[in-house]
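Each chain is listed here by its residues.
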Amino acid sequence: MSTLAGRLATAAAGLLTATAFALPASAAGEVNIYSYRQPELIQPLLDGFTEKTGIKTNVIFADKGLAQRMQAEGENSPADVLMTVDVGRLDGAKALGVTQPVNSEIINGNIPAEFRDPEGHWFGLTTRARVVYASRERVEQNAITYEELADPKWKGRICTRSGQHPYNIGLFASVVAHKGEKAAEEWLAGLRDNLARKPAGNDRGQVQGIYSGECDIGLGNNYYMGKMLTNEKEPEQKEWANSAKILFPTSAEGGTHVNISGVVMAKYAPNREEALKLMEYLSSAEAQQIYAEANFEYPVKPGVEASELVRSWGSFTPDDLPLTEIFAHRKTASELVDRVGYDDGPAS
């Protein structure tokens, strides 16, 4: 195994940070990927792409700072594409000036306009719903609203991760967009007072909290449930997941909040042709089906079904408020999290 191949294998195992090695500046038949998405989540897609095109993929993974790294690297950046989650990060990369517009008939034909930047700087690849995990044993109801999360009947019964995490900020921003800042602040304070503990952990940790009896409901993205139910390496997560069910919340103004994962073309992509082929492949029915089966996310390409497991959780109506409109309220949502002391936990 070559040195580079060995390093990439290590990266794929999630053991390497973005600063651990440099990608080649340019190589024919290769595409260099900066990814906020964990390597194991995208590897099946990259394998399919290489098998179909013969183009090699090189990946650098980090959970933060990649867009800023691209900005610092400037014209010398080896990055061809950036793969990430959350419309905020996608639009944030555009705002940093590290993306370039892409006009592809293939991509535009595969991805509906509501999941594309109007100027072509980013493209959504999957959607994920921000759902409620609920105890099968202690929660009888099978429907819930976001408003209800602030109802005192849930006092001491809710678990969430940090309010400042992008997944929660996206949800809170949607509340601001729908109800206005004042009403959103009151709602967020009510949700805070219903917490069973200080916000902590990741979305899987909220399901663990339900399993342990620490809380009865939690907030999380739908696909984590699929990851836990099929986790052979850590079978205890199957037990956590089997203790909970998924409820798709609605609100007075709309349906279930959804966000996206997506991709951008790097401004100075040295392998632009290969990068475009990768982006077009990721929008194809083949890749969308891999996303659905491997990652338990919802494909954005019309006609591609979610996995059988995901379909078993039931259908839902997504909030139809444009993601770009929700994104515009993220700063306010973040300020509200601090203003109500959300991450301090329930008020005494």
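Residues numbered from 1 in each chain as written. Predicted model: local features only at pLDDT ≥ 70, side-chain atom pairs only at ≥ 80, totals over all residues. Heavy atoms only, no water.

(A) Looking closely at the environment of Val-87. Here Val-87 lies in helix H4 (residues 87-96). Along the primary structure Val-87 and Gly-262 are separated by 175 residues, whereas in three dimensions their C-alpha atoms are 7.8 Å apart. (Helix = DSSP H or I, 4+ residues; strand = E, 2+ residues; numbered from the N terminus.)

(B) Region of interest: the packing of aromatic side chains. With the rule as written, the count across this model stands at 6 aromatic pairs. Looking at Arg-89, its charged tip hangs above the ring of Tyr-36, at a distance of 4.2 Å from the centre. (Phe/Tyr/Trp six-rings, centres within 6.5 Å; stacked < 30°, edge-to-face > 60°. Lys NZ or Arg CZ within 6 Å of the ring centre and 35° of its normal.)

(C) How the structure looks around the confidence of the model for the protein. When the pLDDT values of the protein are averaged, the result is 91; 92% of them are 70 or greater. In this model, residues 1-22 is a region of pLDDT below 50 whose contacts with residues beyond four sequence positions or in other chains number 34 contacts. (pLDDT = per-residue confidence, 0-100. Contact = heavy atoms within 4.5 Å.)

(D) Local environment of helix H12 (residues 285-295). Restricting attention to buried positions, one finds in H12 the residues Ala-287, Gln-288, Tyr-291, Ala-292 and Asn-295. One face of H12 carries all of its buried residues, which in axial projection span an arc of 145 degrees. Buried residues along H12 sit in contact with helix H2 (39-53), strand E3 (81-85), strand E5 (123-135), helix H9 (222-229), helix H11 (272-282) and strand E10 (298-299). Directly beyond the C-terminal end of H12, a positive phi value near 60 degrees is found at Phe-296. (Buried < 20%, exposed > 50% of the residue type's maximum accessible area, 1.4 Å probe, protein only. Arc of directions from axis to C-beta.)

(E) Quick peek at unusual backbone geometry. Although it is not a glycine, Asp-86 adopts a positive phi angle of roughly 85 degrees. Position of Asp-86 relative to the elements: it lies in the loop between E3 and H4. Backbone geometry places Phe-296, a non-glycine residue, at a positive phi of 60 degrees. With respect to the helices, strands and loops of the structure, Phe-296 is situated in the loop between H12 and E10. A residue is classified by how much of its surface remains accessible, and Phe-296, at 7% relative accessible area, is buried.

(F) Up close: the nonpolar core. Leu-82, Leu-149, Phe-172, Leu-188, Leu-191 and Ile-217 are the most contacted members of the largest nonpolar core, which has 75 residues in total. Considering each element in turn, this core owes the most residues, 6 residues, to helix H6 (residues 166-179). Leave out the neighbours within four places in its chain, and Leu-188 touches Phe-172, Leu-336, Val-337, Val-340 and Tyr-342. The next biggest cluster of nonpolar side chains, apart from the first, holds 24 residues, and it includes Tyr-167, Val-207, Phe-296 and Tyr-298. (Core = buried A, V, L, I, M, F, W, Y, C linked by side-chain atoms within 4.5 Å.)

(G) Inspection of the state of the cysteines at higher detail. Taken as a whole and assessed by the stated rule, the structure comprises 1 disulfide. Two residues share a disulfide in this structure: Cys-159 and Cys-215, whose sulfurs sit 2.2 Å from each other. Given an S-S torsion of about -115 degrees, the disulfide between Cys-159 and Cys-215 has left-handed geometry. Here the residue Cys-159 occupies a position in strand E6 (residues 158-159), and Cys-215 occupies one in the loop between helix H8 (203-212) and strand E7 (217-221), the gap between them amounting to 56 residues. In terms of burial, Cys-159 and Cys-215 fall into one category: buried. (Disulfide = S-S within 2.5 Å.)

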